Each structure stands twice: as C-alpha cells, then as structure tokens.
Amino acid sequence: MASDTSEAASSPPDLKLQFAPFSSALEAGFWHQLTQKKLNDYRLDESPKSIKGYYYNGDPLGLPTRLTLEFSAFEVDGPTPAHCCPATGTLYNTNTLDAFKTTDKKALLEKEAKEIWDSIQSGAALKDPSILCKFILLTFADLKKYHFYYWFCFPALCFPEGIKIIQQPSALEQVFSAKQITALQEAYDVLCIKRGTTAEPYFLMKYTADTVQMAPLEDWDTFITDTKKVTVGVYDPCTLSQHPGWPLRNLLVLLASQWGSKLDTVEVLCFRDRTLQGSRSIQHGVIFQIKLPELPLNSACPKSVGWEKNPKGAMGPRMVNLSECMDPKRLAESSVDLNLKLMRWRLVPSLDLDKVVSTKCLLLGAGTLGCNVARTLMGWGVRHITFVDNAKISYSNPVRQPLYEFEDCLGGGKFKATAAVDRLTKIFPGVNAEGHNMSIPMPGHPVNFSEATLSQAQTDVEQLEKLISEHDVVFLLMDTRESRWLPTVIAASKRKLVVNAALGFDTFVVMRHGLKTAPVSRGVSAAADSSTSCSSASSSSSTPAGPAPSVPASSLFSNIPGHKLGCYFCNDVVAPGDSTRDRTLDQQCTVSRPGLAMIAGALAVEMMVSILQHSEGGYAVASSSDDRMNEPPTSLGLVPHQIRGFLSRFDNVLPASMAFDKCTACSPIVLDNYEREGFNFLSNVFNSSHSFLEDLTGLTLLHQETQAAEIWDLSDDESI
Amino acid sequence: MSRGVLDEESFRLCCRLLLQRSEQLRDGWSWKAVQGSEEGYLRKTALRSVVIDPSPARDQEGSGSDSEPRTSCQSCPDQQGREKEESALVASVDTDRVSGAIDDDEDDEDDGVCTVSGGSSQVLQYEYHILHSCSYAAPVLYFRAFTQEGRSLTLEEVWSSVHPSFRLRLQSSPLNTISLQEHPLLGQPFFMLHPCRTEEFMRPVLQAQDQHRPVNYVLSWLSVVGPVVGLDVPLKYSTSPGSSTEPH
C-alpha cells in the first residue's frame, strides 16, 4: 500500500521520520461479544471497560498495519495469539448515539496520553513497555437495528519538531550479513523464552560481525555501556519498506525523556518476522538511524494524536451494519434461502427458484388442507401467502390443522384466517401473510334474504375478485364442493392458475384447472382454440381430429394441452348445490384419514412448483401415468393434470381429462355470462336451484338425452 | 479408524499433533477450549486482500458458468493490492450524519504520520474452526469471512472471493455442501461444510495408508476440504521429519 510513493518521497536529506498508523480490524465475534456484554453485563453502565487487542509483525506485504480485536477482547487476562503482541485498551460504550457524538474525544485522548506520559516519567513503562501501546475504543451499539458506531484512537505522544532521520531505512538484509540475521533470530527467540512470551514488543540490542545480544528495556542501565550509538528493536506490525509502525512512536518518546541528552544516535530495528508455507524469515525487517530531539524530564505532557480516520479519510467515526448477520429475522431468511439454493446447486441445477419464491399464493380455506399447503409453501420459500376463511378454530381442529393450538380455541375460538397468519409469522417472520375472514358465496345458498345479505354477497364477490387478481396461484382448499364454484369461475375468467385439492375418506384428488387461452381467441370458435394452442407438436393437433373440434376423442387421455384441461366441475353432470342439506354429520364434515390432508396438501404445492418449472406454466401438456417412464418435461419431473390417491392401496394415479363444453363452471357460456353480467348473473346462480346452471349449460338437455338412452337400454334388457 | 470415521478422542489426538506441527511451522492454528469441558475446537484466522470490481452487479448465485469472476483475490497479495477498490463490501457508511468529529484546529497537522493512500485494497478476514461432529463421527469445518469492520459476508460475497476454479468444484463436488449454521459452541452464525460425505472420501485415504507413514485423519481431511474455502495446508505438514502423525 502506497509504499512506492513513499519510497519515492524519501530522498530529501532533512527528512522527518513518519509512522504508519494502526488501522483497526474487528472480527465478527467481537461485535457478537459486545452485544452480549451490553445486554447482560454493562446494560446502562457507561463507565470505561478494559479490553484487549493485538498486533502482528508477520503480515505479507501490502496488508495494512492492523490492531485486531476479536471475540476474546473482553478477557483482558486471556491469552494473546502466539507471536502476537497485546495492546490494552479502554472501551467507552455509550448508551445513545447522542452521547457517542458529544463525547469529548480530545479529552479522552489527552487523558490516555497523560497516563502514558506518567508511566514514562515514573519508569513504569520501562518495566512494562506494553503500556506504550494502548488504544481507546468509543462505541455505540444500536441493538434494534444492529448498527454499530465506533471510533478507535491509538494515542501517540509527539515531538514538537519531529524526528530527524540520520540514515535512511533499509532492509535488514542489506545491512546485516546472513550470519548476523541468523544470530538475530536466535537472540530474539532466546529473549522470548527468557521472558516467557512468544513476542517481545520492545528490546535492546548489541551486535558484532557474528553475534547478536538482546535484553529487555528495563535492563538498560546494565546492558547499554556505550551511548554513542544505541540500538533498539521494536516488534513492528507495519509492512511498508520505508516506515515503521505506530508502536515505535511512544518508545522514542520514552527514550528521549529517559536518556535523550545522553544519546547521540539511535539505531532502530523494525523487527518483522514472517512465516510463509512453513518457512520463517526476518531479513525483510527495516533498520535506520535517527537523532532524538530533547525532551526534558518533568516537562508537561507533549501533544498527542491518534484518532483513526474513517474510510473516507476524514476525522470521523465508522459505522458497521450487522443486521444481516445478527438480526435473527434476517438470519432466518438467509438460512431458508440458502437451504433452497443448495437444492439447486447440488441436485437440480436448472431449478428456477425465483419463480417459486416470488409466486403469490391465495389459499381459499385455512383448515386441514390450508394449513398443510401453507407449511409446504413456506418450505419452498414462498413469501406471499394469503388466507381466506370464515370459520373459527374449534376444539377438534388443532390436532389436524398444524397452524393452530389449543389456546386458539378458547373463548369461542379465533378466526382461522387471522390466526393462521399469526402462526406463519411466528414460524417465519420473513413471510408476507395476510388473512381475510370472509365467506365465499355459493350456488344454491341464496343471498337474497335481505338488502344486507345481498350487498354483503356483492362485497364478498368483489373482494374475492380483487384477491384473485392480485395473486398468481389460487388454491381451492375448502370442505364443500359448491364453495369452489365461484373462485373457479373467477379464476378461469382471469386466467389464473388454480390448484384444487379435495379429500374423501381415504381418497383424494389434487388437480390443476385447465388454463384458458387468452380472452381474444376464446368465444370466436373452437377452431381458433386449436390454432392458438401454445403447446407444440405434442398437442392434440397431431392427433386425428374428430368431426367436432371440441371433442377430439382420441386425445381424451393423452397429450392434452393445458388450455384444454378440465376443471374440478368438468367431470360432473350435476351443478353444484347445497350439499350440506339433508346430510348426516359425517357427510357434512370432511371425515378423512388424518394423514390424507398432509399428503394432498403437500402434493398440491409440489404440483404447483412443477407447473411453475415448466416453460409453458399452466399451459403445459398434462403428463399422465404413462409418462412415468419418459423423459420428464421439467427439471422436477412430470406435470400431471390430476393426482388421484387411494390411501387404502397406497397408490396414486395421474389421470388427465378434457374441459367439458357443458361444464357448470368453466364452459364458455358460463364465463360469458359472468363476464357480461357480473354480479347479477352470480346472484342468480346463488339464489337458484341446480336447474339454473344446468339449463344454461345444456346439462338439462344432456340429462334428458341420457335418460332416453337409458330407456332404450332398459327396453333392450326387458326384451331378453 | 479405517472405517473412515473418527471418534472424539482420536479427533483431539489428531488435533494435538496438528497443533504441534502448526507451532513448528507457525501456521497459526490454536486450540480453543470451551470453559469447564473437554470440548473445544481448532481455530485459525487468515487475511486476504481483495480487489473488487466497481460494478459488482451481484449475479445470480450458483450456476457459476455464467460469468467471469468479478473479484480477484490472492492469499499472498503483493503490490497489486493498491488498485482502486470500490466499496461493495464496505458497509455503506453514512457517518456524516454522526459526525461528532473532532473540532481540531490544532490537531489537524500530524506530520509524524505517513500518508497511507485511502483507496487501499479491501482486506477480508477469514476465520476457520475445526470441530468434531459426534453424529457424523467426523471433523467439520466451520468458517466465516468478514470485512475489517467485522461485518460477516453473505455466502454470495464469500463465493465471489473463492477462486473460480474452486467455485466450480464447490458446486459439482459431492464432498461439500455449504450451509449457514449456528456454531455449536459459540452460538454465532457460521458457514459449515456439511460432513455428510466425509466418511465416503476419507475411507480410501485411510485404507491406502502405509504402515510406516500413518495418516493424521484431521490433517488429511483438511488438505481436501480446506483449499475449497481458501484455507491452505502447507505441504510441510506431511514432509515433517520430526513428529510422527500417528494418533495411535
């Protein structure tokens, strides 16, 4: 760093010695520990605390001169890393940002400088020269945002006139012979052993052509016999070739104040000791000579400097934002994401996670199916989940509905839609969940009892339309058939992907609804339908078309493109009506084997994910059971139309079926009526019996025809 | 041990031998004991100076084949570190608001300080821990990387500092799965190389070992997994004449 420029500048004869300042280095563990200390020990205590850092003289060239504080900085008596020198510091942790700002930095520095000066005067620094290398750390920890404000100071006493260089800095290997260097290394190791350390911050030195002797500073009087030229060694963390590091600064003040008048020349060895790939070397150390200015004993404390500049080079504090690694909510989010990415990195490289994660899911029903679907969506990292339900949590629910607890049933029970949101947020705060406690109007469940009920129904319809518009995928997870009718119609009209799951006692169906082609082509004619087919050669166009384009019989079970797939109601020959009337309790409630909802809920989500991975999405050709042996259409495998499961046999099949042109929910005539008349049409459906929809779609006619056919059959039988 | 697994006692023995050698080689490993228990871990820190491209459009993580690395990195940086770096990894410091700066008219001139150019290279600190996993009966490598301010890097950021050739290997290699885990002894978030395949790749190493030159499980394992996350294991560990590496 900048060593070139400094070297170039070192030619003028009357050069003053310049030092490389410390640059603070904090380990991640330090901030974690400061947080713990603040929360558990310090709390509101702002009094100064002793802490500890260290510096190292073995860095490769180019690294800044660092003073490092790690996790263990708060254990002042703890060990220092091997071959490192300790530095003691004072921590001022303020309670407010304001206190941090208004703290008198100059006073702090002067106080610390005075202590160093006093220890020099008293001789204490001679005995324990580590006193010379101190630091101040001023902090404010904003533990709500995990923002840490800090400012380091490395106090250094100054000579008013600077320090004159007599002999330019040179690399040790240019001044010392190989033999001397070896002797120097040995002498240093011996000194360390004698002192019981692995690093000595300062030492005295004498040498001849082939010997080197070392002694600690306190042995000055006995060791130094000739004060014409004295050699001192400093453990030097700097890597610049022309400058010593900061620790030398206060040592020179000590020398000047203790012996300044007696010393002629001081030779300084910046001892640098590096090991690369197991090979140790010290020959890159720096050696130079200076003339120390006078600094009379008992004079006033010299001027001091030392506040660290911030990254902008200004005299100001630093701030580090650690929310990403300390805020538990952020941690949960990145862990969840990372887990999903692993699936991609390791198993399914072409998996498009963003498509899944960014999908907005509307869950109609927050019961057994809704709870399980929501949990599986969370597992996939889906962030946007909205519940619609009108029920309250009852005592029987929590054991089967994993988002609720016993407590939720008390006092009449909480609303499911909102309780589910609360629980999702508890499970994963990063989720963007919403709950709507509302009813979905149903065919055969009249809404025209009063003005109020009618306008309520209208509001509900509008709300549902809005919700479906705002989401990408609609899950139908209700417990009655007829409640699925309205969202089926709306979603078909808005071309939203619908995933439907329904349970029997030990059977289930999970299916995607056919996704109609864009509105422009619809209604023109059935011919237009096939021409806009977005699936390629594999679509029904390759099969011999039947006389009526709407019934290509040969492709009934294979290669049905997504836009021709049926919906939940396509297979029915009766319109949905009030299924709760005239039924026993076990028929009204879904009574199913308890594992069924988890299986079906999970499959519904996995089906959605597979659909999303297909390049054509909801228009993807339906895979069938026969495709199990073929090359799968997506990185995750098949994209079936339906999964029908039979728990008694532990078996699933993958049927596919065409949209039915007389379907009571998705046939063109129903959609047409809905789109033209809106709520008027819908309220007619709600208020009427079956026959309204059946008449509209032609089902009534179909029934009559079928009955006629049956009569024929019967008469045949009779004839036998 | 030849089954490819490592019990806790052997783990500690291997660590002790590794430490001895590390001390001789000054490789920087140290043993951190957990207070009041036998448990502990090996720890080492390393520094890397990184030069960052001024346009760090954070690419889609993963696929790896998509683009050239935007970050160049050397573990033994020489003078190149001087190149201008942009503050992609530096937390956006908005400390101007927080001035509280020193109103120093007389302090402004410290002619005893050498000017270190402000645009120095970004220094990243890496911290590596080796722990023993009881359930996998294997050593586990935990690591994190952070800026000089102590801000931990995200996996994407660590990723960009991994040498490109290793990046590919990290994705395709069955050895390694990185996940974000709480350090079992410190309770702080660390990245972890999952040990699920360790036994698998260690078994042949152990079966091939020579009677006369026994294998230090932890050392051999480390030489496989370490380089993937920038942790070098000097060859001198294995060419040691003095110390035996046999844990039995």
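In short, a report on the structure. (Residues numbered from 1 in each chain as written. Chains lettered and ligands numbered in written order. Predicted model: local features only at pLDDT ≥ 70, side-chain atom pairs only at ≥ 80, totals over all residues. Heavy atoms only, no water.)

1. Quick look at the packing of aromatic side chains
Describing an aromatic ring pair means giving the distance of the ring centres and the angle of the ring planes.
Residue and element names in this part refer to chain A.
Thinking step 1. Counted by the stated rule, this structure contains 25 aromatic pairs over all chains.
Thinking step 2. Consider the rings of Tyr55 and Tyr235, whose centres lie 5.6 Å apart with planes at 70 degrees: the pair is edge-to-face. Highlighted residues: Tyr55 in strand 2 (residues 49–56) and Tyr235 in strand 10 (residues 229–235), separated in sequence by 180 residues.
Thinking step 3. A residue is classified by how much of its surface remains accessible, and Tyr55, at 1% relative accessible area, is buried.
Thinking step 4. Given a relative accessible area of 1%, Tyr235 falls into the buried group.
Thinking step 5. On the basis of an interplanar angle of 45 degrees and a centroid distance of 6.3 Å, the ring pair of Phe681 and Phe692 is categorised as tilted. Separated by eleven residues along the polypeptide, Phe681 in helix 21 (residues 679–687) and Phe692 in helix 22 (residues 691–697) bring together distant segments of the chain. (Phe/Tyr/Trp six-rings, centres within 6.5 Å; stacked < 30°, edge-to-face > 60°. Helix = DSSP H or I, 4+ residues; strand = E, 2+ residues; numbered from the N terminus. Buried < 20%, exposed > 50% of the residue type's maximum accessible area, 1.4 Å probe, protein only.)

2. Some words on the pattern of salt bridges
Thinking step 1. Here the structure, examined in full by the defined rule, presents 37 salt bridges over all chains.
Thinking step 2. With a closest N to O distance of 2.2 Å, Asp59(A) and Arg66(A) form a salt bridge.
Thinking step 3. For Glu405(A), the salt bridge is made with Arg423(A), and the minimal N-O distance between the two is 3.5 Å. With Glu405(A) in the loop between strand 18 (384–389) and helix 14 (416–427) and Arg423(A) in helix 14, the pair connects residues that are 18 residues apart, well separated along the chain.
Thinking step 4. Among the residues examined, Arg423(A) registers a relative accessible area of 14% and is labelled buried.
Thinking step 5. One connected set of salt bridges, linked through shared partners, spans Glu27(A), Glu70(A), Arg43(B), Glu127(B) and Arg144(B). (Salt bridge = Lys/Arg side-chain N within 4 Å of Asp/Glu carboxyl O.)

3. Notes on the nonpolar core
Residues and elements named next belong to chain A.
Thinking step 1. Ranked by internal contacts, the top residues of the largest apolar core, which has 94 residues, are Trp31, Leu69, Leu252, Leu254, Leu255, Val268 and Ile290.
Thinking step 2. For this core, the element with the most residues is helix 9 (residues 247–259), which contributes eight residues.
Thinking step 3. Setting aside chain neighbours within four positions, we find Leu255 in contact with Trp220, Val232, Gly260, Leu263, Val266 and Leu292. (Core = buried A, V, L, I, M, F, W, Y, C linked by side-chain atoms within 4.5 Å. Contact = heavy atoms within 4.5 Å.)

4. Let's talk about the sheet that holds strand 10 of chain A
Residue and element names in this part refer to chain A.
Thinking step 1. Read from one edge of the open sheet, six strands run 7-14-11-10-8-9, paired in mixed fashion. The two strands at the open ends of the sheet, each matched to only one other strand, are strand 7 (164–171) and strand 9 (212–215). Going across the sheet, the axis of each strand differs from the next one's by a mean of 25 degrees, ignoring polarity.
Thinking step 2. This element, helix 7 (residues 178–195), spans strand 8 (202–207), strand 9, strand 10 and strand 11 (265–271) of the sheet and lies at about 25 degrees to strand 9.
Thinking step 3. The strands that helix 9 touches are strand 8, strand 10, strand 11 and strand 14 (286–291); relative to strand 10, the one it contacts most, it runs at about 150 degrees. (Pairing = 2+ DSSP bridges. Axes fitted to C-alpha atoms, helices over the stretch in contact; angles between N-to-C directions.)

5. Things to note about the sheet that holds strand 23 (residues 642–646) of chain A
Residues and elements named next belong to chain A.
Thinking step 1. In space, the eight strands of this open sheet follow the order 19-18-17-20-21-22-23-24, with mixed pairing throughout. This sheet does not close on itself; its edge strands, each paired only once, are strand 19 (432–437) and strand 24 (651–653). Shown here is a sheet whose adjacent strand axes are inclined to one another by a mean of 15 degrees, direction ignored.
Thinking step 2. Contacting strand 17 (360–364), strand 18, strand 19 and strand 20 (473–476), helix 15 (residues 451–470) runs over the sheet at an angle of about 145 degrees to strand 17.

6. Quick notes on the packing of helix 16 (residues 485–493) of chain A against helix 20 (residues 668–677) of chain A
Each packed pair of helices is defined by two parameters, the angle between the axes and the distance between the axes.
Residue and element names in this part refer to chain A.
Thinking step 1. One way to put it is that helix 16 packs onto helix 20 with a least axis distance of 10 Å and a crossing angle of 85 degrees. Relative to helix 20, the element helix 16 is oriented roughly perpendicular. Residues Trp485, Val489, Ile490, Ala492 and Ser493 of helix 16 form the contact with helix 20, whose own contacting residues are Val670, Leu671, Tyr674 and Glu675. (Parallel < 35°, antiparallel > 145°, perpendicular 65-115°, else oblique.)

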